[in-house]
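# What the coordinates show
Okay, here's what each chain looks like letter by letter:
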Amino acid sequence: TVPSVAPYVPGGKVCGEGLTPRGWPVRGGLGGAAVVLGGPHGKLCRVGFIDGDGRVMTTPLPMGENAEIAVKRSLLDQILRCRAQSLGAEAREGETLLSAAYVGHWKITTDHSEEQTRALVAADGRNSTVAFLCRLMPRNGRDRVALQTHLPLPPDFGHRRLLRLLREGCAGQA
């Protein structure tokens, strides 16, 4: 049993992921490629970057069967969670992770239970609670704030991803 502690996000996650072509063999090996492609997604044909001075650089992305795609993060999380469960992992949603420590095995404590497991997979992102609890985060800790929202894109935006690089972090659109 591998406990998976998924936090509750009010209104659901609205961010997306750009899945690169080099990842298709991995997704295929995990058994998720067909499921991802069978769900809602968009093929991306360009990526653009805007630096802190406002300079823009864009480049085309490879097209074809294994093109880069954009998929809603909550859908990708659901696909990966279902695949892990089909292989025997136990998923517990709505529990808050309180501690994770390695003592010859992983000891995981949530607000509902305490478990032991031989493996711990921390797939909880850049502001990882697991990394924070295991003291793997930078010394200054979490120094970012995230804002996610749905906004209409300009009519001529097209099938691309745009990242604006700022001193304080980055902003993305797809």
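Above: the structure in question.
Residues numbered from 1 in each chain as written. Predicted model: local features only at pLDDT ≥ 70, side-chain atom pairs only at ≥ 80, totals over all residues. Heavy atoms only, no water.

## A short note on the overall build of the chain
In terms of regular secondary structure, the chain is built from four helices and 12 strands. Classification of the 174 residues of the chain by burial places 24% in the buried group. Carbon and sulfur atoms provide 56% of the accessible area of the chain, an area that totals close to 12,000 Å². (Helix = DSSP H or I, 4+ residues; strand = E, 2+ residues; numbered from the N terminus. Buried < 20%, exposed > 50% of the residue type's maximum accessible area, 1.4 Å probe, protein only. Areas by Shrake-Rupley, 256 points an atom, 1.4 Å probe, with all protein chains shown as cover.)

## Some words on the side chain of T109
Tracing the backbone shows T109 in strand β9 (residues 106-110). The exposure class assigned to T109 is buried, which follows from its relative accessible area of 17%.

## A closer look at the nonpolar core
W24, A33, V36, I69, V71, L75, L76 and I79 form the largest nonpolar core, which has eight residues in total. Where this core is concerned, the elements lending two or more residues are α2 (33-38), β6 (69-72) and α3 (73-86). With three residues, α3 is the largest single contributor of residues to this core. For A33, the contacting residues outside a window of four places in its chain are W24, R27 and G28. (Core = buried A, V, L, I, M, F, W, Y, C linked by side-chain atoms within 4.5 Å. Contact = heavy atoms within 4.5 Å.)

## Describing α3
Along its 14 residues, α3 runs 20 Å from first to last C-alpha, staying within 8% of the 20 Å computed at 1.5 Å per residue. Considered for burial, the residues of α3 that qualify are R73, L75, L76, D77 and I79. (Expected span 1.5 Å × (residues − 1).)

## Considering the side chain of E95
Relative to the assigned elements, E95 resides in the loop between β7 (90-93) and β8 (97-102). Here the side chain of E95 touches T110 through a polar contact of 2.5 Å, side chain to side chain. (Polar contact = N/O pair within 3.5 Å; in protein donor to acceptor, adjacent residues only side chain to side chain.)

## Quick notes on the environment of I108
Mapping I108 onto the fold places it in strand β9. On the accessibility criterion, I108 (4% relative accessible area) is buried. Residues I108 and V130, 22 residues apart in the sequence, show an inter-C-alpha distance of 9.7 Å.

## Here's the deal with the pattern of salt bridges
A full pass over the atoms with the stated rule returns three salt bridges. Put simply, R55 and D51 hold a salt bridge, and the shortest N to O gap is 2.6 Å. Within the structure, one salt-bridge network assembled from shared partners comprises D51, D53 and R55. (Salt bridge = Lys/Arg side-chain N within 4 Å of Asp/Glu carboxyl O.)

## Focus: the packing of aromatic side chains
Aromatic ring pairs: the centre-centre distance and the angle between the two ring planes describe each pair. For the structure on display, the rule yields one aromatic pair. When the ring of Y102 is compared with that of W106, the centres are 5.4 Å apart and the planes differ by 65 degrees; the resulting orientation is edge-to-face. You can call Y102 exposed: its relative accessible area is 51%. (Phe/Tyr/Trp six-rings, centres within 6.5 Å; stacked < 30°, edge-to-face > 60°.)

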